[in-house]
Amino acid sequence: MTRTHGASIAAVVLALLFAGGAVTVASADREDATAASPASVSADAGFARDMSVHHQQAVEMSFIVRDRTEDADVRRLAYDIANTQANQRGMMLGWLDMWGLPKVESGTEPMAWMGMGGHGDTGPLDGALMPGMATDTELDRLRKASGEEAEILYLQLMIDHHKGGVHMAQGCVDKCSVEVEKNLAQGMVEAQESEIGLMTQLLKERGAKPRG
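The structure displayed is predicted, hence computed values, not measured ones.

Draft legend 1. Geometry of the packing of helix H3 (residues 43-66) against helix H6 (residues 147-175). With their axes 10 Å apart at the nearest point, H3 and H6 run at an angle of 165° to one another. Relative to H6, the element H3 is oriented roughly antiparallel. Handedness of the H3/H6 crossing: left-handed. Seen from H3, the contacting residues are Ala-43, Phe-47, Asp-50, Met-51, His-54, Gln-57, Ala-58, Met-61, Ser-62 and Val-65; seen from H6, they are Ala-150, Tyr-154, Leu-157, Met-158, His-161, Gly-164, Gly-165, Met-168, Ala-169, Cys-172 and Lys-175. Residue composition of the contact of H3 with H6, by class: 13 nonpolar, six polar and two charged.

Draft legend 2. Highlighting H3. End to end, H3 covers 34 Å across 24 residues, agreeing with the expected 34 Å (1.5 Å per residue, within 8%). Most of H3 is tucked away, with 19 of its 24 residues classed as buried.

Draft legend 3. Quick look at unusual backbone geometry. With a phi angle near 70°, Met-111 is a residue other than glycine that sits in the positive phi range. Among the structural elements, Met-111 can be located in the loop between helix H4 (72-98) and helix H5 (136-144). A residue is classified by how much of its surface remains accessible, and Met-111, at 1% relative accessible area, is buried.

Scoring rules and cut-offs
- Residues numbered from 1 in each chain as written.
- Predicted model: local features only at pLDDT ≥ 70, side-chain atom pairs only at ≥ 80, totals over all residues.
- Heavy atoms only, no water.
- Axes fitted to C-alpha atoms, helices over the stretch in contact; angles between N-to-C directions.
- Helix = DSSP H or I, 4+ residues; strand = E, 2+ residues; numbered from the N terminus.
- Parallel < 35°, antiparallel > 145°, perpendicular 65-115°, else oblique.
- Left-handed = near helix turned anticlockwise from the far one by under 90°.
- Contact = heavy atoms within 4.5 Å.
- Nonpolar A, V, L, I, M, F, W, Y, C, P; charged D, E, K, R; others polar.
- Expected span 1.5 Å × (residues − 1).
- Buried < 20%, exposed > 50% of the residue type's maximum accessible area, 1.4 Å probe, protein only.

The following block contains the structure:
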């Protein structure tokens, strides 16, 4: 492993520790989150719902690539992403339960709480419900790929996914009112930005680069 690569991994670990700290604080502050009881149409509820869906796809893609490659670096990254985002998803769904709010708001488009109202002007594209999410076609390609091809496609898809996630998390930092949720969102921004840097480096090592 190169020194640069090692430093990149260290940066991601530190960012994930920060996010993990936010998770610990969130658990300790359950009463604060419950007391807040935001409205169902609030940014707090909208972020919890939408990021839970966004995270679920990241977990799915990470499990797919772990079965499609033997590369230790990519498998380790995929495990970290799956573990972190599954835990965060559970927390956000738990908040919705504590707030007595539905996990799906009927008649409300994804990201309406950010003033966006769906994925572009034409609605979801091939199953991609929100910006950054992979399409059904792309997920099928990932399931069929193997080795370096799977690694490159996963890294490219996950960079796009993280960029969408960072945008949404920053929206919560700016708009949410529940402090523990804002802290978690800030941790997501920092951790995912660090992971984007690491994934860009992993693509470079494979003679590839992010898609956009």
